[in-house]
Amino acid sequence: MTTLPSPPVRRALVTGASSGIGAATVRRLRAGGWDVLATARRAERLEALAAETGCQWYAADLTSPKETEALVAHVRASGGVRSLVNNAGGAVGADTVEQGRWEDWQAMYDRNVLATLRLTQALLPDLRASGAGDVLVVTSTAAYDTYPGGGGYVAAKHAERVIATTLRQELVGQPVRVIEIAPGMVRTEEFSLNRLGDPEAAARVYQGVAEPLVAEDVAEAIAWTLERPHHVNIDSLVIRPRAQAANHLVARD
């Protein structure tokens, strides 16, 4: 009887894993039998997530090249990785283009674009060598259209999406899938609060919306794309709540 090779170990690195979509993705993948290495800046939250789910963790600030290099070294030393989930990012402020602070734009570009680029570049050889690698990028519906007060975040997410769409073309024929997940309105504990800096303003973002998405909805979409047979590439999946027809068009009570 011919012995077939064992399938590659399903091991994923999930960035931005200390809260929101990242933490929910770690939980969903662990529930599905994946080995998961969770990373974010806040070690205490990662430690709690590990105690809850059994994931591994490594604290790193992905806007720092040195900390990113250290994370990559840890990935390799701890068994490698087959799937990279680039989830870390976020928005800063809601100013107009005219009034926007360049420092905020820089921060959003660093967090959403350069962090994704740097880590993806570093781990591509490992993903390719696995024979069944995945680069998954969590962008946003902001990567597809704009809205007043969203210029900086929209610009960053457009750039992040272009990383995915270009990389997919550059890797054609190689054993690496490139997947984009673009969520619309997702109510998490921190995204709008971090963006606006005020709990009342953050609550108004979701005011009157019957059922915005929650982090678990997006995590389920992420897991679904990763768990397709490896010849199936979900190029891009846009996921919104039913109440949202466009970035600026939301049904409210």
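For clarity, every value in this text was computed on a predicted model and none was experimentally measured. (Residues numbered from 1 in each chain as written. Predicted model: local features only at pLDDT ≥ 70, side-chain atom pairs only at ≥ 80, totals over all residues. Heavy atoms only, no water.)

A short note on the overall build of the protein
The following threshold applies: Secondary structure elements follow DSSP: runs of H or I of four or more residues count as helices, runs of E of two or more count as strands, with numbering from the N terminus. Two things to know: the radius of gyration comes from C-alpha atoms, and the globule rule equals 2.2 Å times the number of residues to the power 0.38. Burial here depends on accessible area, computed with a 1.4 Å probe over protein chains only, as a share of the maximum for the residue type. Under 20% is buried, over 50% is exposed, and the range in between is partly exposed. Here, two residues are considered to be in contact whenever any of their heavy atoms come within 4.5 Å of each other. Here, Shrake-Rupley sampling with a 1.4 Å probe gives the accessible areas, and only protein chains in the shown set may cover a residue. For the purpose of counting charges, residues Lys and Arg are taken to be positive, whereas Asp and Glu are taken to be negative. His and the chain ends are not included. By convention, the charge on Lys lies at NZ, on Arg at CZ, on Asp at CG and on Glu at CD.
Along its length, the protein carries 8 helices and 11 strands. Over its C-alpha atoms the protein spans a radius of gyration of 18 Å, differing by no more than 12% from the 18 Å that the globule rule assigns to 253 residues. Taking the principal axes of the C-alpha coordinates as reference, the protein spans close to 65 × 40 × 35 Å. Here the protein holds 253 residues, and the buried ones make up 49% of them. Partitioning the intrachain contacts of the protein with sequence separation of at least 6 by distance along the chain shows that 68% fall at a separation of at least 24. Of the accessible surface of the protein, which amounts to about 12,200 Å², a share of 53% is contributed by carbon and sulfur atoms. The centroid of the 26 positive side-chain charges in the protein is displaced by 4 Å from the centroid of its 29 negative side-chain charges.

Section: the sheet that holds strand β1 (residues 11–14)
Condition: Here, any two strands with at least 2 DSSP bridges between them count as paired. Every axis in this analysis is a line fitted to C-alpha atoms, fitted for helices over the stretch in contact. Angles between the N-to-C directions lie between 0 and 180 degrees.
Strands sit in the order β3-β2-β1-β4-β5-β6-β9 across an open sheet of 7 strands; the sheet is parallel. Because the sheet does not close on itself, it has two edges, and the strands there are β3 (56–59) and β9 (236–239). Geometrically, the sheet is characterised by an average inter-axis angle of 15° between neighbouring strands, direction not taken into account. As defined by bridge partners, strand β6 (residues 176–183) adjoins β9 across 4 bridges and the pair is classed as parallel.

So, helix α5 (residues 151–170)
Threshold: Multiplying one less than the number of residues by 1.5 Å gives the expected span of a helix.
Taking 1.5 Å per residue, 20 residues should reach 28 Å; α5 reaches 28 Å between its end C-alpha atoms and fits that length. Every buried residue belonging to α5 is among Gly 151, Gly 152, Tyr 153, Val 154, Ala 156, Lys 157, Ala 159, Glu 160, Ile 163, Ala 164, Leu 167 and Arg 168, and all of these are buried. Considering only its buried residues, α5 is in contact with β4 (83–86), α4 (102–129), β5 (133–138), β6 and α6 (191–196).

Structural notes on the nonpolar core
In plain terms, the rule: Residues enter a nonpolar core if they are buried and are Ala, Val, Leu, Ile, Met, Phe, Trp, Tyr or Cys, with the set joined through side-chain atoms within 4.5 Å.
Ranked by internal contacts, the top residues of the largest apolar core, which has 33 residues, are Val 26, Leu 29, Leu 136, Ile 181, Ile 222 and Leu 226. For this core, the secondary-structure elements that each account for two or more residues are β1, α1 (20–31), β2 (35–40), α2 (43–53), β5, β6, α8 (215–226) and β9. At 7 residues, α8 tops the list of elements feeding residues into this core. If we skip the residues at most four places from it in the chain, Ile 222 touches Ile 21, Thr 25, Val 85, Leu 136, Val 138 and Ile 181. Core analysis: the second largest hydrophobic core is formed by 22 residues, Val 75, Leu 119, Leu 123 and Val 178 among them.

What about the environment of Ala 182?
Relative to the helices and strands, Ala 182 is located in strand β6. Taking the C-alpha atoms as reference, Ala 182 lies 8.9 Å from Arg 161; in sequence the two are 21 residues apart. Filtering out sequence-adjacent residues up to four positions away, Ala 182 remains in contact with Thr 139, Ser 140, Thr 141, Tyr 144, Leu 237, Val 238 and Ile 239.

Describing α1
Taking 1.5 Å per residue, 12 residues should reach 16 Å; α1 reaches 17 Å between its end C-alpha atoms and fits that length. Every buried residue of α1 is accounted for by Gly 20, Ile 21, Gly 22, Ala 23, Ala 24, Thr 25, Val 26, Arg 28 and Leu 29. Turning to α1, the residues buried within the fold contact β1, β2, α2, β6, β7 (186–187) and α8. Immediately downstream of α1, the backbone of Gly 33 shows phi near 90°, a positive value.

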